[in-house]
Amino acid sequence: MEEALATTVSANTYAIGAFVGYLLLVIAVGVYATRFSSTGISEFFVGGRKMNRFVVALSAVVSGRSAWLLLGVTGMAYKMGASAVWAVTGYIVVELFMFLYYARRMRRYCEVHDCITLPDFYASRFNDRDGLLRTVLVAIILIFMVSYISAQFVSGGKAFAASFDLDPGTGILLTASIVVIYTVFGGFLAVSLTDMFQAFFMVVALIVLPVIAISDKNGLNAVLLELGRLDETLLDPTALSFGAAIGFLGIGLGSTGNPHVLVRYISIDDPEQLRFSALIGTVWNVLMAWGALFIGLAGRAWFPDVAMLPNADTENLYPVLAQLHLHPALFGVVVASIFAAIMSTADSQLLVAASSVVRDVYEKILRRDEVIPQKRLVIYSRMVVIILVLAALFFGWLAEELVFWLVLFAWAGLGAAIGPTSILAFYWKKTTRAGVIAGLVAGTLTTLFWYYTPALKQTVYELVPAFAAGLLATVVVSLFTRPPEDTEQKFAAMEKPNSPD
Amino acid sequence: MTFVLTMFVLPAAIILLAFFLVYYERGKSG
């Protein structure tokens, strides 16, 4: 049996069939959404704020979960056992509260003030007439987003190479081509609808695989006995340091500042429906996360030694376990779920980056005194999506190390910069433009400083102190500067009439 | 015991919290 375990992942006709079916589905969605997305820039970038509550829930949830959940969390649970649970708990709880409170304020405000990007919101909330705040935000968003997109393509290429015995370069080009086809044509509607399908692929794979892998091992008791025999701490969720636990829970702070997740909230048709999205999003998040944790635990029982995994890499656990236990067609679903995770994140990041270029840089900074026809803006947006994909590919090819260096900080950097400043912008009337700029800079710099100071890095994940620094800098500078004079009106736009929340 | 609490009770508790908060918010906004 063990000879069969130390194997590589390889797809057969069933798996290829399931995977190709999935690809055809996402491309068909792109074509279906083309007409709607061609209407105007609001339709192209936020679906005209007409998205259904179910679509918004799933799209917001899977846009935030890249291959990190499928390959990273499963590998983490394999290595650490039950204590990996804290890595998923933080973001699920944070996102529940965001759907219920933060998102509703954001959606209401954005409708009243016609904001379709995150920099649009900041510029409007703080009367950013000279464009300084918008420029700082666009710079932060573009640097991190293009790196993110590039890294997603590289991950997709590697997954293609591992699953279908292809050259990684060909895999990267294929991943980029599929994403660009449905994003260019279908815009936000296509991205959201494909996210919804991708959410189904991911949840099916993450529920079916652990159930079958555990039952093939004679049930959960047998798996737990095996884990206890290997190492008692695998069954102890408290077997980690206090700093590590805080760091794991702190991953959730990143959800408050990643614009490709936040823009989902702006797109819903009725802000009151975000309550329903909160419920669906939380159930989905819990199912996917605990599915990933049980895959890691079952995987450890099946492969007690990491050397039994291809390249002795725990990130290969998910596809290898699937190949061992699932029917080839279901294995195809598992392979598709890896691409679903990668593409659902890459497409959302691509649209956010493109909206920053077209809406923020071109329409609001370079041509701010002109009225530009909507159709022309949509054409420019499509061109920018293609240019950004080429830039991400070129960037990844030219400087892969730099890309992965930037991605190390992307979740934390964006979370620490945008998270505290946006929360204060929504909830604290004394927040000022200068305070927000200070918070953006402090959050980003603290992330880098903490990461590169070994004594600090060992204590806790950099996002936690950087978030606190962003919050502190925004508050301190705001206390010494004057908030916009129309703050009361701005706050009124965030609240439901007669029901402040 | 802590294993059961985190791997089974915790996810159920998060979902129950979501139901409670949504119900509470609905009641608040009438």
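That block above? That's the structure.
Residues numbered from 1 in each chain as written. Chains lettered and ligands numbered in written order. Predicted model: local features only at pLDDT ≥ 70, side-chain atom pairs only at ≥ 80, totals over all residues. Heavy atoms only, no water.

## Some remarks on the layout of surface pockets
All names here are of chain A. Size it by volume and the second largest pocket reaches roughly 270 Å³. Along the walls of the second largest pocket sit 15 residues, with Ala123, Ser124, Asp128, Arg134 and Lys364 positioned nearest its centre. Going through the elements one at a time, α8 (118–125) and α16 (328–366) are the ones with two or more residues in the lining of the second largest pocket. Taken together, the residues of the lining of the second largest pocket sort by class into three nonpolar, four polar and eight charged. (1 Å grid on protein atoms, 1.4 Å probe; cavity = no way out; pocket = protein on both sides within 12 Å on 5 of 7 lines; lining within 4 Å. Points joined across faces, edges and corners; volume = space filled by probe spheres on them. Helix = DSSP H or I, 4+ residues; strand = E, 2+ residues; numbered from the N terminus. Nonpolar A, V, L, I, M, F, W, Y, C, P; charged D, E, K, R; others polar.)

## Focus on the environment of Leu390(A)
Looking at the secondary structure, you find Leu390(A) in helix α17 (residues 374–398). Judged by its relative accessible area of 52%, Leu390(A) is exposed. (Buried < 20%, exposed > 50% of the residue type's maximum accessible area, 1.4 Å probe, protein only.)

## A closer look at empty space enclosed by the protein
Which parts of space are left empty comes out when a probe the size of a water molecule is rolled across the atoms. All names here are of chain A. Enumeration over the complete set of coordinates arrives at two cavities of 30 Å³ or more. Put simply, the largest cavity is a space of about 70 Å³. Forming the boundary of the largest cavity are 13 residues, of which Thr117, Leu118, Pro259, Val263 and Val352 lie nearest the centre. Of all elements in the fold, only α8, α13 (259–266) and α16 reach the threshold of two or more residues within the lining of the largest cavity.

## Let's talk about the packing of aromatic side chains
All names here are of chain A. Under the counting rule described, the total for this entry stands at 16 aromatic pairs over all chains. A centroid spacing of 5.3 Å and a plane angle of 85° characterise the contact between Tyr362 and Tyr380, whose relative ring orientation is edge-to-face. Note that Tyr362 is positioned in helix α16 and Tyr380 in helix α17, a separation of 18 residues in sequence. Relative accessible area serves as the criterion here: at 18%, Tyr362 is assigned to the buried category. Residue Tyr380 is classed as partly exposed on the basis of its relative accessible area, which comes to 27%. (Phe/Tyr/Trp six-rings, centres within 6.5 Å; stacked < 30°, edge-to-face > 60°.)

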